[in-house]
Amino acid sequence: MASSTELKKILGDLNKDSFISLLSKLIGESKFLQNNPPELIPQEDRAVKHVLDSLLSLSTTTGGGPLVINHVTYFPGRGNVIVEYPGTVPGKILSFVGCHMDVVTANPNDWEFDPFSLSIDGDKLRGRGTTDCLGHVALVAELMRRLAETKPKLKSTVVAVFIANEENSAISGVGVDALVKDGLLSKLKEGPLFWIDTADKQPCIGTGGMIPWKLHVTGKLFHSGLAHKAINPLELAMEALKEIQSRFYRDFPPHPKEEVYGFATPSTMKPTQWSYPGGGINQIPAECTISGDVRLTPFYNVKDVMEKLQEYVDDINENIGKLDSRGPVSKYVLPDENLRGSLTLSFDETMSGVACDLNSPGFHVLCKATEEVVGHVKPYSITGSLPLIRELQDEGFDVQTSGYGLMATYHAKNEYCLFSDMRQGYQVFVSIISQLED
């Protein structure tokens, strides 16, 4: 078996020409990889083709090398790819997962350069998907190619999983959820699973859950000059939301573990959108809707929060006349007309957050590799949400997360990554493999 130092020499550095060549082909497909159904359904097999073109000649499929490649498709044109470099010790395994081949949408009119072709500006590699996540697809594919070319004798099996359908969950049963359901990733539970889809070169050890909510408020429409005959849904919405938020922050205060994990914020519940049917400035409308989200640190349960929010709304409805009002004629009950204002709460699809296992060997090797390559290690947590990984954790996978794009350009206009960061990402992967051999 190669020693850690020998293995690093064998695997060397990221091949810039090969990496940029593959990344250029992937970004060239990004127009067809946008995920925003029903209008835009990605065709991930357009990216799969380039990954397979890079690796198949070094696979058991062609007889040209050791890589075991499985192209798995659950929906026409929307494939996943599992690539395995076999080790010698049964049950000893590590995996790089989460490199997804779909991207968020991009409007070329809003960009300073073409989002759908790779352009290079010094160290910057520019285009939709460079940071999230086609840059990582190219990076991990290059790692697997290098393993197959140099054929180091490893104890550990190294597995890469390139997935479809990460950016939108409106259509399910296409990507990693289906692979897990079919048991195709089960053996990855025997070792650390590195989810490569974050940014800024540091371990991301915590993410937030998300509960999108809508609060529909019904009042009574009337002329604004006769406000005593109306139930103003806008005022009711504001007062009700204030009460809901107060109760939320009482029941879900900052959690002690948030400091341990370095979360920038505790759990939050706030409005982000407001709508009403329209009407004149002199009309008190009949209804309005406030929408927003809860961002929940992973130390609270999404279902518990949803139940509490519904409890708050039920209680406010029952006691709507006791809610604070605004001014001498502002009211939410009209007894003479037997009318009451009311609140209806609904939820869209939720997501649970993740707290990575800080005692895991996977976490320790990732930290050591990061410090070795980047020069320092500072794990971080955010209440932004990553889909799918909590489900993997719940299934028994030891999930650790990292990434080598830039948080500042994640899902943004004029997206780019830095080649120097991707190069360090490659070196981190090599260090992880080397450490797990010892």
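The shown structure was predicted, so the numbers you read here are calculated from the model rather than taken from an experiment. (Residues numbered from 1 in each chain as written. Predicted model: local features only at pLDDT ≥ 70, side-chain atom pairs only at ≥ 80, totals over all residues. Heavy atoms only, no water.)

Q: I would appreciate a short explanation of the sheet that holds strand β5 (residues 124–126) in the present structure.
A: Taken together, the three strands give an open sheet; going across it, the order is β4-β5-β20, and neighbouring strands pair in antiparallel fashion. Edge positions in the open sheet fall to β4 (119–121) and β20 (416–418), since each of these has one partner strand only. The sheet shows a mean angle of 25° between the axes of neighbouring strands, direction not considered. In the sheet, β5 pairs with β20 via three bridges, with the strands oriented antiparallel. Bridge pairing links Arg126 to Tyr416 in β20. Strands in contact with helix α11 (residues 419–437) are β5 and β20; relative to β20, the strand with the most contacts, it is inclined by about 60°. (Pairing = 2+ DSSP bridges. Helix = DSSP H or I, 4+ residues; strand = E, 2+ residues; numbered from the N terminus. Axes fitted to C-alpha atoms, helices over the stretch in contact; angles between N-to-C directions. Contact = heavy atoms within 4.5 Å.)

Q: In this structure, what is going on with the packing of aromatic side chains? I would like to understand it.
A: Given two aromatic rings, their pairing is described by the distance between the two centres and the angle made by the two planes. Scanning the entire structure with this criterion turns up 10 aromatic pairs. A centroid spacing of 5.1 Å and a plane angle of 85° characterise the contact between Phe248 and Tyr249, whose relative ring orientation is edge-to-face. Looking at Phe248, the relative accessible area reads 0%, which means it is buried. Looking at Tyr249, the relative accessible area reads 36%, which means it is partly exposed. Aromatic side chains Phe252 and Tyr300 sit 5.3 Å apart centroid to centroid with 90° between the ring planes, which places their arrangement in the edge-to-face category. (Phe/Tyr/Trp six-rings, centres within 6.5 Å; stacked < 30°, edge-to-face > 60°. Buried < 20%, exposed > 50% of the residue type's maximum accessible area, 1.4 Å probe, protein only.)

Q: In this structure, what is going on with the sheet that holds strand β11 (residues 268–275)? I would like to understand it.
A: Think of a sheet as strands paired side by side through backbone hydrogen bonds, with each pair either parallel or antiparallel. Reading across from one edge, β11-β13-β9-β16 is the order of the four strands in this open sheet, with antiparallel pairing throughout. With one partner strand each, in any of the chains shown, β11 and β16 (342–347) form the two edges of the open sheet. In this sheet, adjacent strand axes meet at a mean angle of 25° when their direction is disregarded. Running over the sheet, helix α6 (residues 233–251) touches β9 (209–218), β11, β13 (287–296) and β16 and is turned about 165° from β11. Sheet strands in contact with helix α8 (residues 302–318) are β9, β11, β13 and β16, and its direction is about 170° off that of β16.

Q: Sorry if this is basic, but what is going on with helix α3 (residues 45–55) here?
A: It helps to recall that an α-helix has 3.6 residues per turn; residues three or four apart then point in one direction. Listing the buried residues of α3 in full gives Ala47, Val48, His50, Val51, Leu52, Ser54 and Leu55. Along its buried surface, α3 packs onto α2 (16–27), β1 (68–73), β2 (79–85), α4 (134–150) and β6 (157–163).

Q: Can you walk me through the pattern of salt bridges in this structure?
A: Note on pairing: side chains with opposite charge can pair once their charged atoms come close. For the coordinates displayed, the defined rule picks out 22 salt bridges. One salt bridge connects Lys201 with Asp421, and the closest N-O pair in it is separated by 2.9 Å. Taken together, the positions of Lys201 in the loop between β7 (192–196) and β8 (204–207) and Asp421 in helix α11 put the pair 220 residues apart, joining distant regions of the chain. The same class applies to Lys201 and to Asp421, which are both buried. Where Arg295 meets Asp293, a salt bridge forms, and the shortest distance between an N and an O atom there is 3.1 Å. One network of salt bridges, with partners in common, ties together Glu142, Arg145, Arg146 and Glu149. (Salt bridge = Lys/Arg side-chain N within 4 Å of Asp/Glu carboxyl O.)

Q: Honestly, the packing of α4 against α11 in this entry has me stumped. Any pointers?
A: Between two packed helices, what matters for the description is the angle formed by their axes and the separation of those axes. Orientation of α4 relative to α11, taken along the N-to-C sense of each, is 45°, at an axis distance of 10 Å. Judged on the interaxial angle alone, α11 and α4 are oblique. Crossing of α4 over α11 shows right-handed handedness. Residues Gly135, His136, Leu139, Val140, Glu142, Leu143 and Arg146 of α4 lie in contact with α11, whose contacting residues are Met422, Gly425, Tyr426, Phe429, Val430 and Ile433. Tallied by class, residues from the contact of α4 with α11 come to eight nonpolar, three polar and two charged. (Parallel < 35°, antiparallel > 145°, perpendicular 65-115°, else oblique. Left-handed = near helix turned anticlockwise from the far one by under 90°. Nonpolar A, V, L, I, M, F, W, Y, C, P; charged D, E, K, R; others polar.)

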